[in-house]
Amino acid sequence: MVKGVKRSLLCDLQNEISYYVPSDISHAIDVLQAHSIAETKELNLVSAKIIDSTIEFIVTNNLGHLLSRQSINKFPDINLEWDYPAEITNCIIDINRNSDFDFSKIFLELESLGCQDLQLRIEDSLFIHEIENILKYADGRMLKSIQLYVANNSSESDEGYIGLVAKFPRITNLFVFNSLLSKVLTPDTAPAYTVARIADRIDFKRGCGIVHPDWFVTTMEHFTESLKFNTCLNRKISIDENGVIRNCPSLGTSFGNVKSVTLTEVARMREFRKIWKVTKSEIEICQLCEFRHICTDCRAFLEEPQNVRSKPLKCGYDPYTNQWSEWSKNPLKLKAMDFYELGLA
Amino acid sequence: MILIVGQNGDSSTHEVLRYLMYWNAPFIKISDLDTIDNVSIQCTNRQHEVTISKDSMKVNLSKVSAYWYRRGNLVFQYKMNATHPEIAESEIHDFVKKEYSTIANYIHYCLEQIGTRIGAFSKNNINKLIQLQYAKEVKLLIPRFIISNNRKEVQRFYNDVGTLATKGIGNNFTNLSGQSYWMFTSLIQQKDIDRFSEKFAYTLFQQYVEKEYEIRVFYLHGKCYSMAIFSQQNPDSMIDYRRMRAGRSNRTVPYNLPKVVENKIIRFMKKCEMNTGSIDLIFTSKGEYCFLEVNPNGQFGMVSKPCNYFIERDIANYLKEGVMKNE
């Protein structure tokens with residue numbers, strides 16, 4: 001249960017669902033953690049009516065089971081440790097026509113860092129055979145998944161793009177943006193991958209960082225990681241189209257170029273790892289928000305650009321009122337939007 | 001060096017391997033997709049040397065200081081298929097196959113002598129009836145059961161204990177014309193017994209024990225990782241928790257097994273000569289712990305993940321420390 005300033009969020013990490021909990025119920029849950037129902041009623045800290053509705057809420061949502069008093073010590077609190085057997089968990093690589101870095105070396109290094117998930121974003125309209133020339137270096141590496149974004153090349157067909165994915169089994173998604181129409185090219189019953197066309201032009205660097213319930217992650221991994229680390233940046237690395245290594249493509253700080261330093265050197269730099277440890281409990285406003293442990297966060301676009309502990313700019317939620325509003329229409333955010341050159345569309 | 005024998009595509013095994021890689025602990029994994037294409041056994045009165053090779057990778061068993069038998073078997077190449085196709089289907093080929101299996105058993109035996117070891121091929125198929133016997137010997141409660149092939153006897157047992165449960169005696173899983181069939185635990189009531197023939201194939205009938213919840217224990221060298229499974233809330237899984245519709249899951253949470261029960265489990269596993277396994281218990285409506293069975297190579301991921309136990313890391317660490325101790 002995560003307590004916010006006005007209400008709490010009960011996260012069922014096994015079923016990946018969260019429940020809003022008003023503060024009187026969350027208080028009752030606290031007392032019930034250590035006492036039986038009868039004892040809780042005797043303590044008189046919570047009204048019997050609240051206790052009954054709390055029990056009903058828990059039982060009907062399969063969040064708990066009624067057991068005898070002796071059972072209490074048999075059910076320990078869950079271990080909230082987070083661990084992951086890799087120095088780097090995932091990596092984003094931006095690519096354009098002029099990117100001339102050594103893909104073979106990069107993929108090999110990512111493998112030795114334990115990186116399993118890769119996102120490639122190709123902003124120019126490369127031909128499929130040019131994309132294949134990059135992907136062939138990922139073949140045989142211990143990657144688990146590759147997510148691929150490519151700008152539409154009007155001389156390539158739907159079949160051509162599907163064929164590309166079929167050729168490289170590690171690709172889980174291919175999005176062809178800048179297409180004429182948005183449509184999914186693979187059937188629902190398809191193999192283990194999706195190919196889709198997207199009509200929009202995607203601005204990867206400035207378009208990222210949106211905080212929205214659609215992106216909340218109610219898993220054990222995410223929740224536990226968020227207790228000690230920044231879930232958006234911890235153990236992640238990115239390379240831009242010129243080879244510049246960063247924590248995230250949208251963040252300014254450069255940690256050198258793949259042509260002159262290795263990813264391993266960068267991944268082990270104290271400065272590079274500093275931002276990994278910025279937890280939600282240190283971020284202003286977020287620290288009072290009930291969503292803080294399922295939120296994706298963003299350190300690239302801040303409400304107050306000069307304040308590293310400022311909340312994400314692209315978050316429209318107010319934990320004091322429990323209201324969501326459109327972040328880009330908020331007059332208080334205009335100054336920061338100018339700073340990041342995020343003009344209103 | 002660490003040697004792992006496992007099945008291809010097992011995600012829990014994969015996660016253990018990722019910890020080993022993360023710690024730079026060298027290992028070799030042989031899966032059912034790998035074919036051992038060469039075996040060399042050289043024995044003198046003074047020493048013996050056993051080497052198995054796959055592709056260009058050679059494993060000298062004396063160099064293996066930690067061994068994990070996860071599941072599956074070593075697959076040997078029967079060169080005869082290639083060199084003597086004319087006898088590939090003949091009886092002499094069966095004879096050669098038997099010869100190979102003696103060699104395979106010997107290699108498993110050698111592997112089981114390795115100082116640091118988790119699991120054993122030879123304990124892969126531990127007899128369920130012997131398990132129940134051992135459980136009784138260490139004073140773990142077991143459900144009353146009979147094995148019977150006739151209706152009268154089942155009727156008498158039913159009159160005595162009430163509702164019965166039935167499941168496979170040895171296996172719960174079979175392949176029929178290429179299709180896999182799982183045999184779940186099912187309940188037997190009077191109306192079922194009425195439909196029985198006088199005589200039938202030998203079947204196991206167990207007293208059905210009402211449960212408050214089930215407990216799955218993953219055991220590793222004296223340590224019990226326990227998890228409670230609330231299967232009673234879900235009509236699909238009330239009798240057998242594996243029987244569940246997609247999208248509905250039983251609540252599974254970490255559990256503290258009483259020390260006295262843990263000690264019985266440790267003694268039970270010693271009797272079985274097993275250093276790892278997944279044990280199924282039930283906590284009965286009467287508040288007792290009742291032993292059902294041990295599975296030598298059960299899925300520990302299903303305990304590790306919901307309880308956040310990091311069993312994968314503990315297994316990897318056990319192997320890694322074994323190497324440090326022995327090399």
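Residues numbered from 1 in each chain as written. Chains lettered and ligands numbered in written order. Predicted model: local features only at pLDDT ≥ 70, side-chain atom pairs only at ≥ 80, totals over all residues. Heavy atoms only, no water.

**A look at empty space enclosed by the protein**
Residues and elements named next belong to chain A. Here the structure, examined in full by the defined rule, presents six cavities of 30 Å³ or more. By volume, the largest cavity amounts to about 120 Å³. Cys286, Cys289, Cys295, Cys315 and Tyr317 are, among the 15 residues lining the largest cavity, the residues nearest its centre. Here the lining of the largest cavity is built from residues that sort into 12 nonpolar, no polar and three charged. (1 Å grid on protein atoms, 1.4 Å probe; cavity = no way out; pocket = protein on both sides within 12 Å on 5 of 7 lines; lining within 4 Å. Points joined across faces, edges and corners; volume = space filled by probe spheres on them. Nonpolar A, V, L, I, M, F, W, Y, C, P; charged D, E, K, R; others polar.)

**Quick notes on the domain arrangement of chain A**
Each domain of chain A was delimited in the assignment, giving domain 1 (2–74), domain 2 (86–177 + 234–277) and domain 3 (203–233 + 287–345). A separation of 45 Å is found between the C-alpha centroids of domain 1 of chain A and domain 2 of chain A. (Domains from an automatic or database assignment.)

**Some remarks on the state of the cysteines**
Under the criterion given, the structure shown has zero disulfides over all chains. Considering cysteine sulfurs only, A:Cys115 is the nearest to A:Cys91, which forms no disulfide, with 5.6 Å between them. (Disulfide = S-S within 2.5 Å.)

**Here we look at the packing of aromatic side chains**
Summed over the entire model, instances satisfying the criterion amount to 36 aromatic pairs over all chains. For the pair A:Trp82 and A:Tyr84, a centre-to-centre distance of 6.5 Å together with 10 degrees between the ring planes defines the contact as stacked. Between A:Tyr317 and A:Trp324, the ring centres sit 4.8 Å apart and the planes meet at 45 degrees, which makes this aromatic pair tilted. The class of A:Trp324 is partly exposed, set by a relative accessible area of 31%. Through a chain of ring-to-ring contacts, the aromatic side chains of A:Phe75, B:Tyr213, B:Phe230, B:Tyr255, B:Phe283 and B:Tyr289 assemble into a single cluster. (Phe/Tyr/Trp six-rings, centres within 6.5 Å; stacked < 30°, edge-to-face > 60°. Buried < 20%, exposed > 50% of the residue type's maximum accessible area, 1.4 Å probe, protein only.)

**Observations regarding the environment of A:Val278**
All names here are of chain A. Considering the arrangement of structural elements, one finds Val278 in the loop between helix H10 (270–274) and strand E12 (317–318). For Val278, a relative accessible area of 15% gives the class buried. Separated by 50 residues in sequence, Val278 and Lys228 place their C-alpha atoms 8.2 Å apart. Those residues within four positions of Val278 in sequence are excluded, and the remaining contacts are Phe229, Asn230, Ile283 and Arg299. (Helix = DSSP H or I, 4+ residues; strand = E, 2+ residues; numbered from the N terminus. Contact = heavy atoms within 4.5 Å.)

**Some words on the sheet that holds strand E8 (residues 116–118) of chain B**
Residue and element names in this part refer to chain B. Pairing in this open sheet of four strands is parallel, and the strands run E2-E1-E6-E8 from one edge to the other. Two strands close off the open sheet at either side, each with one partner strand: strand E2 (27–31) and E8. Sheet twist, expressed as the average angle between the axes of neighbouring strands with direction ignored, equals 10 degrees. With five bridges connecting them, strand E1 (residues 2–6) and E2 associate as parallel partners. Residue pairing for E2: Gly6 is matched across the bridge by Ser31. Against the sheet, helix H1 (residues 11–22) engages E1, E2 and strand E6 (66–69), with an angle of about 165 degrees to E2. (Pairing = 2+ DSSP bridges. Axes fitted to C-alpha atoms, helices over the stretch in contact; angles between N-to-C directions.)

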